[in-house]
Amino acid sequence: MHHFTRKKLSSSSASAERLKKEQDYYYLKNGSSVLEELLALCDGNCRIPIRYFSGTEIDRATDHSAKNIELADARASMFTDSLDNRLVLIRFSHHFYGVHRDIAVTSQMSHLKNVLRLVGCCLEFEKPVMVYEYVEAINLDELLFNKARKSLLSWGSRLRIAKEVASAVVFPHTEFTTPIIHRTICPSNVIIDQNNGVAKLVDFSLSLSLPPGKLEVQDLLAGRIGYVDHEYFRTRKILLLMDHVMDIADPAILEEHRIEIRQQLEDYLDLVKICTLSKGEDRPYMIHVARELRQIEKCFRALSVVAHEN
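This section reports on the structure supplied with the text.

Rules and cut-offs
Residues numbered from 1 in each chain as written. Predicted model: local features only at pLDDT ≥ 70, side-chain atom pairs only at ≥ 80, totals over all residues. Heavy atoms only, no water. Core = buried A, V, L, I, M, F, W, Y, C linked by side-chain atoms within 4.5 Å. Buried < 20%, exposed > 50% of the residue type's maximum accessible area, 1.4 Å probe, protein only. Helix = DSSP H or I, 4+ residues; strand = E, 2+ residues; numbered from the N terminus. Expected span 1.5 Å × (residues − 1). Salt bridge = Lys/Arg side-chain N within 4 Å of Asp/Glu carboxyl O. Phe/Tyr/Trp six-rings, centres within 6.5 Å; stacked < 30°, edge-to-face > 60°. Patch = residues over 30% accessible without salt bridge, like charges linked within 9 Å, V, L, I, M, F, W, Y side chains within 5 Å. Areas by Shrake-Rupley, 256 points an atom, 1.4 Å probe, with all protein chains shown as cover. Polar contact = N/O pair within 3.5 Å; in protein donor to acceptor, adjacent residues only side chain to side chain. Pairing = 2+ DSSP bridges.

Turning our eyes to something else, we now look at the nonpolar core. Membership of the largest hydrophobic core comes to 20 residues, with the highest contact counts inside it found for Met109, Leu140, Ile161, Val190 and Ile192. Only helix H4 (140–145), helix H5 (155–174), strand S9 (190–193) and strand S10 (199–201) provide two or more residues apiece to this core. A per-element tally of this core places H5 first, with five residues. Ranked by size, the runner-up nonpolar core spans 18 residues in total, among them Ile69, Val135, Ala137 and Ile191.

This is the structure we're talking about:
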């Protein structure tokens, strides 16, 4: 048994009663918090397309957990387990903050191809447990920064992943009653399905809703260092230095395509520059970023076809 679940109690009736009280306590506490988040998120018109799993079912499923997938900042881990005779990914958070919001937001986005689908949750533990669809997953952080795996990420794959993540981010910006900002978009919060290469966004625990009619909100600093919005550091001096595009590109990309994708890289770098401007008002909306990424990928596919024909 892994260390995220409660300790096993003896089989005596007194112990069983204590366990039942513990389950009921956490169920009521967590359930009310999730419901509150859902009502605030959906303006009372929410649907909950997820199943409830008992603590006993989760305990039983995780007795022989085989695979661990780390997420951002080691705040959560995913285990590959069997539940209802099917493989699922069960996520145990290391922290309490934002788990209820994560369940609420993810449950309303699970129909999207590029969001890891939430199939259920369990509220009978101190920290709620989330159950996702099973995918043969690896996080993007591992693919980008593990030298042994880096060769698996071609330029075309990187473009597709960027486009798919942008598509997932556009939805909470535009389709909820009030826009929702993820706040911790980073490689370790992007899961790649190794069977089809599809990118799936996870972890909305730090997401924040903008007040009605507002385009900004002030809140405590949150997110992973290196990926946080520059405006969070308004009082600090940060310099964003860009070298020549061919000097900063991943060598693996240059070895694969060499000079013929120089324009692709320059277009991508131009997009990066405007997305990381110090003032938020100077940056493009996410829907425009997604559109530009689709266009860059479309041009790359056309280039690849021409190269193949020659």
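Given a rise of 1.5 Å per residue, 20 residues ought to cover 28 Å, and the 29 Å separating the end C-alpha atoms of H5 matches this to within 8%. Most of H5 is tucked away, with 15 of its 20 residues classed as buried.

This paragraph deals with the pattern of salt bridges. Two side chains of opposite charge can pair, provided their charged atoms sit close to one another. Under the definition given, this model contains eight salt bridges. The shortest N-O distance in the salt bridge between Glu57 and Arg51 comes to 3.1 Å. Residue Arg51 is classed as partly exposed on the basis of its relative accessible area of 35%. Its salt-bridge partner being Lys200, residue Glu133 comes within 3.6 Å of it at the nearest N-O pair.

For the rest of this paragraph, the subject is the packing of aromatic side chains. The geometry of an aromatic ring pair comes down to the distance between the two centres and the angle between the two planes. Counted under the stated rule, the structure contains two aromatic pairs. Pairing Phe171 with Phe176 gives two aromatic rings, centres 5.8 Å apart and planes at 90°, and the pair type is edge-to-face.

Within helix H3 (residues 99–107), nine of the nine residues are buried, which leaves the element mostly enclosed by the surrounding structure. Within H3, burial applies to Val99, His100, Arg101, Asp102, Ile103, Ala104, Val105, Thr106 and Ser107.

There is a patch of nonpolar side chains on the surface, built from Tyr27, Leu28 and Tyr52 and spanning about 310 Å² of accessible area. With respect to the element layout, Tyr27 can be found in helix H1 (residues 13–42). Using a relative accessible area of 40% as the deciding quantity, one classes Tyr27 as partly exposed.

With that settled, consider the environment of Asn196. Note on placement: Asn196 falls in the loop between S9 and S10. Of the residues examined, Asn196 reaches a relative accessible area of 49% and is grouped as partly exposed. The spatial distance from the C-alpha of Asn196 to the C-alpha of Glu136 is 9.4 Å, given a sequence separation of 60 residues. Separated by 3.0 Å, the side chain of Asn196 and the backbone nitrogen of Val198 make a polar contact.

Summarising burial for strand S5 (residues 118–122): five of the five residues are buried, a large majority. The pairing of strand S1 (residues 51–52) with S5 spans two bridges and is classified as parallel. Following the sheet pairing, Tyr52 is matched in S5 by Cys121. Note: S5 against strand S6 (residues 129–133), four bridges, orientation antiparallel. If you follow Leu118 over to S6, its bridge partner there is Tyr132. Two successive antiparallel strands, S5 and S6, enclose a turn made up of six residues.

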